[in-house]
Amino acid sequence: MAQHKQTLIDDATLAFLATQRAADAALVGRIWRDGRHAEFQFRHAARRNAFGVDDIGRREAAAALALTLEKVHADEAAALQLAQSQENESRLAVADDEKTLAAVLREMKAVRQSMDANRAGEKAAKRFKTLMTERRKAAKLYLKRIEEGQDREKKELRDSHNRALKTMSLMRNVALRDVEDAEIRVILKGLDFNSKTAAEEKRNAEALARKEAQVFQEKVDIRLRRNQLEVSHQTEIHTAHLKSISRLVDQEIDYMDENQALLMEHQTKEHELEQELQQKYDQEEEIVRGKILSMEISQAQSNAIKAATSLVERQRKEAQIQKLKEARAAKVRDKEFWRKEEVYLKDHLAGLGLPTEGSAYESVQAILLRQLPADLDKEIPEVEDDLEESGDESPIEASKAIEAAKAREAALLETLRNTHKQLLQAMKKQHKKIRDHRVLEQEKVCATLSGDPEIKKLKEKHAQELKEFDESTQKSIKTDDDNAEGINAKHRKLPMMVSEELVKSGKYEPTDFNELAFLQVHIIDFDDIAMESTASQLVSLINTLEAQIDQVLESSDNIYRLESNDGEFKFVAGLQTQGLKSTKENVLETIQLSKRLIQVFRNLDLTNQAFKKVEPRFGIHIGPATGGVVGGGGAGGNQLQFAILGNTVDVTDKIEKTSRGMEIHISGPAHEVVKEAYEWEVSESVEVLQGGGAAVAKQKVRAWWLQGEKQVRSGLASGSSDLAQ
């Protein structure tokens with residue numbers, strides 16, 4: 001069984017004792033808090049007293065500052081009055097000085113203008129004399145140049161006719177050589193050469209030669225007569241021109257003298273009018289300055305009195321504003337003090353474990369901070385620094401009146417100046433109109449002299465004579481031109497040695513060539529390009545390529561272009577320099593040509609084309625080949641062409657077809673010749689056919705890709721040295 005602890009005090013007594021102890025503890029706590037509150041009030045009172053002492057010190061300092069400012073303001077007022085008095089005296093002195101200076105400047109200006117006018121007259125006279133001398137020299141020089149030009153034209157005309165006669169003679173000789181060989185003429189016609197055909201062709205050739213000689217002599221006579229006629233015409237026209245120019249130069253010199261005298265007269269009148277108007281303007285400006293100065297002096301005196309009054313009023317207002325600012329500053333400091341006291345109170349209550357918010361806090365605040373202002377949360381208004389403007393507006397109005405008077409007088413002066421300018425401008429326009437009218441009349445007279453009817457009639461007569469002469473000789477000249485064109489067309493685009501052999505002997509036997517370098521270029525997918533392009537686009541592309549390729553070939557006389565299909569270009573180096581250049585030089589020239597053609601294709605303008613890329617393949621090979629002339633003969637036959645055949649040409653075609661776009665593919669034999677001059681990359685061997693007839697067999701030829709130049713300058717130098725050797 002549990003045992004119960006027995007006591008002599010019952011439960012009610014224990015409860016009462018506990019209540020009493022709690023009440024005693026609460027009383028002790030209140031006493032302790034009241035003690036703390038009393039300490040807080042003591043500290044608050046000490047801070048309040050210290051704040052009051054500081055405020056009194058600030059008020060005393062403000063009073064001392066106010067006395068100092070009052071003294072400073074009094075000094076400023078005295079200085080202002082003194083400055084105003086000195087300014088008025090200075091203005092009067094400046095006005096007197098300006099009057100004196102203006103009078104002196106006007107006198108100096110008049111003297112300077114007189115001197116400038118005299119000096120300008122002297123210079124104008126000297127310039128006029130110099131100009132006349134130069135004009136006469138220029139006229140003589142012009143006449144001399146005309147005579148020299150006439151001599152040059154006569155010489156050029158004679159040289160032109162002489163060249164025409166030489167060309168006619170050369171064409172005649174070429175034509176005669178072309179038809180004199182009866183055997184060639186018979187063979188070209190497809191007939192058998194025998195005694196009958198030979199005799200007939202001989203007779204025809206002799207008759208044709210006589211006729212050609214007669215026609216040629218007639219053409220020479222016609223050319224000579226026309227030359228003499230043109231020289232005679234030019235002499236007559238030049239003589240008439242000399243006379244007309246001489247008359248025209250004399251007339252222009254007379255007109256120049258008259259115009260110069262008239263210009264000087266007008267300038268003198270304009271200068272006199274300008275001086276008169278400027279004098280009137282200066283006088284009016286002097287009157288206006290006197291009026292304005294008088295008004296300014298009166299206004300300055302009035303302003304001096306009003307400025308002192310305004311300064312006193314301003315000082316009073318500044319003192320009033322300063323008092324308001326000080327009162328506001330005191331309120332701000334008082335507000336800051338009570339805010340800090342609230343913070344101290346809250347820290348005090350928090351340390352005692354009492355609430356810092358709510359009604360309990362407000363009741364404690366009312367006890368401990370009894371003097372706390374009720375309007376502490378109210379905003380303190382700012383003090384306006386702007387001083388109130390004085391109700392007396394007379395200084396401003398007077399200043400405005402002066403400015404208005406200045407504006408009116410300035411407007412009057414500007415109107416007077418504009419009127420003077422208009423008068424002067426009207427006189428200048430009138431004078432210019434007179435001079436322009438006179439110059440126009442003089443130009444009409446000079447135009448009449450320059451367009452001498454005698455020269456016009458002479459030119460018309462000469463033109464008619466030449467026209468009749470040309471019509472009478474047109475038929476014979478046309479026949480001669482047709483014959484020359486036939487000869488030129490027949491031998492066009494042939495190598496020089498072939499043309500010379502054809503002209504000399506009338507035929508060209510097939511010839512074997514050694515040490516040739518071949519270059520073949522083919523545009524990739526040219527058939528597709530032709531299908532996608534319009535006719536105009538294709539023609540434009542081909543013409544552009546042909547023109548640029550011809551331009552590239554102009555710089556080399558060792559490379560001959562062979563006939564080829566569309567989209568393909570074939571070249572051979574060493575054809576016309578057999579025995580003069582080595583194989584290495586020929587290969588180097590084909591490589592350089594390839595590089596230049598690559599640049600041509602890279603820079604090709606494809607703006608108006610149906611495609612955006614044109615890439616060719618390049619193939620180079622060396623070896624022997626056989627060349628000959630193919631095509632019809634005779635002056636009226638088909639155009640002759642030079643063709644090269646052989647296994648080397650076929651290998652070149654194979655090397656080109658296995659190449660890549662915009663790259664140079666070179667065969668092994670060609671690479672062996674120039675391998676020291678460039679960087680290379682090995683290509684796959686190319687399979688070609690070698691031999692002929694029953695001995696045809698497939699063989700592989702090694703090939704290389706050209707990468708870049710190793711020693712470009714040394715390679716070219718070696719080529720140049722080989723060429724020199």
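**Quick notes on the overall build of the protein**
Now for step 1: When helices and strands are counted, the protein shows 13 helices and 8 strands.
Now for step 2: Burial status across the protein gives 30% buried among its 725 residues.
Now for step 3: A separation of at least 24 residues holds for 79% of the contacts in the protein among residues at least 6 apart in sequence.

**Considerations on the packing of aromatic side chains**
Now for step 1: Applying the stated criterion across every chain, the model contains 3 aromatic pairs.
Now for step 2: Summarising the aromatic geometry, the rings of tyrosine 508 and phenylalanine 642 are spaced 6.3 Å apart at their centres and angled 65° between planes, so their arrangement reads as edge-to-face. With tyrosine 508 in the loop between α7 (496-505) and β1 (511-523) and phenylalanine 642 in strand β5 (residues 641-645), this pair connects stretches of sequence that are 134 residues apart. In terms of burial, tyrosine 508 and phenylalanine 642 fall into one category: buried.
Now for step 3: Joined through ring pairs, the aromatic side chains of Tyr508, Tyr560 and Phe642 make up one cluster.
Now for step 4: The cationic tip of arginine 417 hangs over the ring face of tyrosine 281; the distance from NZ or CZ to the ring centre is 4.1 Å.
Now for step 5: Taking the ring centre of tryptophan 705 as reference, the NZ or CZ of arginine 660 above it sits at 3.8 Å.

**What about the pattern of salt bridges?**
Now for step 1: Within this structure, the stated rule accounts for 12 salt bridges.
Now for step 2: We note a salt bridge from glutamate 546 to arginine 561, for which the minimum N-O separation is 2.6 Å. With glutamate 546 in helix α9 (residues 535-553) and arginine 561 in strand β2 (residues 559-562), the pair connects residues that are 15 residues apart, well separated along the chain.
Now for step 3: By relative accessible area, glutamate 546 is classed as partly exposed at 25%.
Now for step 4: Note on arginine 561: relative accessible area 21%, which makes it partly exposed.

**A few points about the nonpolar core**
Now for step 1: In this structure, Phe571, Ile591 and Ile666 are the most contacted members of the largest nonpolar core, which totals 41 residues.
Now for step 2: Per-element tally for this core: the top contributor is helix α10 (residues 583-602), with 8 residues.
Now for step 3: Sequence-distant contacts of phenylalanine 571, that is, excluding residues within four places in its chain, are made with Ala517, Phe518, Leu519, Val521, Ile549, Leu553, Ile559, Tyr560, Arg561, Leu593 and Leu597.
Now for step 4: Among the nonpolar cores identified, the runner-up in size contains 16 residues, and Leu516, Tyr560, Leu640 and Ile644 belong to it.

**Comments concerning the pairing of strand β3 (residues 568-573)**
Now for step 1: Within β3, 5 of the 6 residues are buried, which leaves it mostly tucked inside the rest of the structure.
Now for step 2: Bridge count between β2 and β3: 4 bridges; the pairing is antiparallel. Bridge pairing in β3 links isoleucine 559 to alanine 573.
Now for step 3: Hairpin geometry of β2 and β3 is characterised by an intervening segment of 5 residues between the two adjacent antiparallel strands and by a positive phi of about 80° at glycine 567.

**Things to note about a nonpolar patch on the surface**
Now for step 1: Taken together, the side chains of Ile9, Leu14, Phe16 and Leu17 make up a nonpolar region of the molecular surface, amounting to roughly 350 Å² of accessible area.
Now for step 2: As for its placement among the helices and strands, leucine 17 is situated in helix α1 (residues 11-180).

**Section: unusual backbone geometry**
Now for step 1: Although it is not a glycine, glutamate 515 adopts a positive phi angle of roughly 60°.
Now for step 2: Even without being a glycine, methionine 662 presents a positive backbone phi close to 60°.
Now for step 3: Judged by its relative accessible area of 15%, methionine 662 is buried.

**Focus on helix α11 (residues 647-657)**
Now for step 1: When α11 is considered as a whole, its buried residues turn out to be Thr648, Val649, Val651, Thr652, Ile655 and Glu656. Viewed end-on, α11 has its buried residues packed into an arc of 160°, placing them on one side of the element.

**Notes on the side chain of glutamate 585**
Now for step 1: Topologically, glutamate 585 is positioned in helix α10.
Now for step 2: Buried charge without a partner: glutamate 585 forms no salt bridge, and the closest opposite charge is lysine 581, 6.1 Å away.
Now for step 3: At 2.9 Å, the side chain of glutamate 585 and the backbone nitrogen of serine 582 are in polar contact.

**Looking at α10**
Now for step 1: End to end, α10 covers 29 Å across 20 residues, agreeing with the expected 28 Å (1.5 Å per residue, within 8%).
Now for step 2: With respect to burial, α10 is a largely interior element, 14 of its 20 residues being buried.

**Structural notes on the packing of α9 against α10**
Now for step 1: Interaxial distance between α9 and α10 falls to 11 Å at its minimum, and their mutual angle equals 145°. For the pair α9 and α10, the crossing hand works out as right-handed. Within the contact between the two elements, α9 uses Leu545, Gln548, Ile549, Val552 and Leu553 and α10 uses Leu593, Arg596, Leu597, Val600 and Phe601.
Now for step 2: Across the contact of α9 with α10, the residue classes tally to 8 nonpolar, 1 polar and 1 charged.

**Looking at a negative patch on the surface**
Now for step 1: Together, Asp525, Asp527, Asp528 and Glu532 make up a negatively charged patch on the protein surface.
Now for step 2: With respect to the helices and strands, aspartate 525 occurs in the loop between β1 and α8 (526-532).

**A word on the pairing of β5**
Along any regular strand the residues' side chains alternate between the sheet's two faces.
Now for step 1: The side-chain alternation of β5 yields one buried face, formed by Phe642 and Ile644, and one unburied face, formed by Gln641, Ala643 and Leu645.
Now for step 2: Bridging between strand β4 (residues 616-630) and β5 involves 5 bridges; their strand directions are antiparallel. Among the inter-strand pairings, threonine 626 is bridged to a residue of β5, identified as leucine 645.

**Concerning the confidence of the model for the protein**
Now for step 1: Looking at the protein as a whole, its pLDDT mean stands at 75, while 78% of the residues score no less than 70.
Now for step 2: Mean pLDDT in the protein bottoms out at helix α13 (residues 712-724), which sits at 39, and peaks at strand β6 (residues 664-667), which reaches 94.
Now for step 3: Across residues 185-193, where pLDDT falls below 50, the model places 16 contacts with residues more than four positions away in sequence or in other chains.
Now for step 4: Counting interchain partners and residues more than four positions distant, the pLDDT-below-50 stretch residues 633-637 has 8 contacts.

Criteria and thresholds
Residues numbered from 1 in each chain as written. Predicted model: local features only at pLDDT ≥ 70, side-chain atom pairs only at ≥ 80, totals over all residues. Heavy atoms only, no water. Helix = DSSP H or I, 4+ residues; strand = E, 2+ residues; numbered from the N terminus. Buried < 20%, exposed > 50% of the residue type's maximum accessible area, 1.4 Å probe, protein only. Contact = heavy atoms within 4.5 Å. Phe/Tyr/Trp six-rings, centres within 6.5 Å; stacked < 30°, edge-to-face > 60°. Lys NZ or Arg CZ within 6 Å of the ring centre and 35° of its normal. Salt bridge = Lys/Arg side-chain N within 4 Å of Asp/Glu carboxyl O. Core = buried A, V, L, I, M, F, W, Y, C linked by side-chain atoms within 4.5 Å. Pairing = 2+ DSSP bridges. Patch = residues over 30% accessible without salt bridge, like charges linked within 9 Å, V, L, I, M, F, W, Y side chains within 5 Å. Areas by Shrake-Rupley, 256 points an atom, 1.4 Å probe, with all protein chains shown as cover. Arc of directions from axis to C-beta. Lys, Arg positive; Asp, Glu negative; His and termini not counted. Polar contact = N/O pair within 3.5 Å; in protein donor to acceptor, adjacent residues only side chain to side chain. Expected span 1.5 Å × (residues − 1). Axes fitted to C-alpha atoms, helices over the stretch in contact; angles between N-to-C directions. Left-handed = near helix turned anticlockwise from the far one by under 90°. Nonpolar A, V, L, I, M, F, W, Y, C, P; charged D, E, K, R; others polar. Charge placed at Lys NZ, Arg CZ, Asp CG, Glu CD. pLDDT = per-residue confidence, 0-100.

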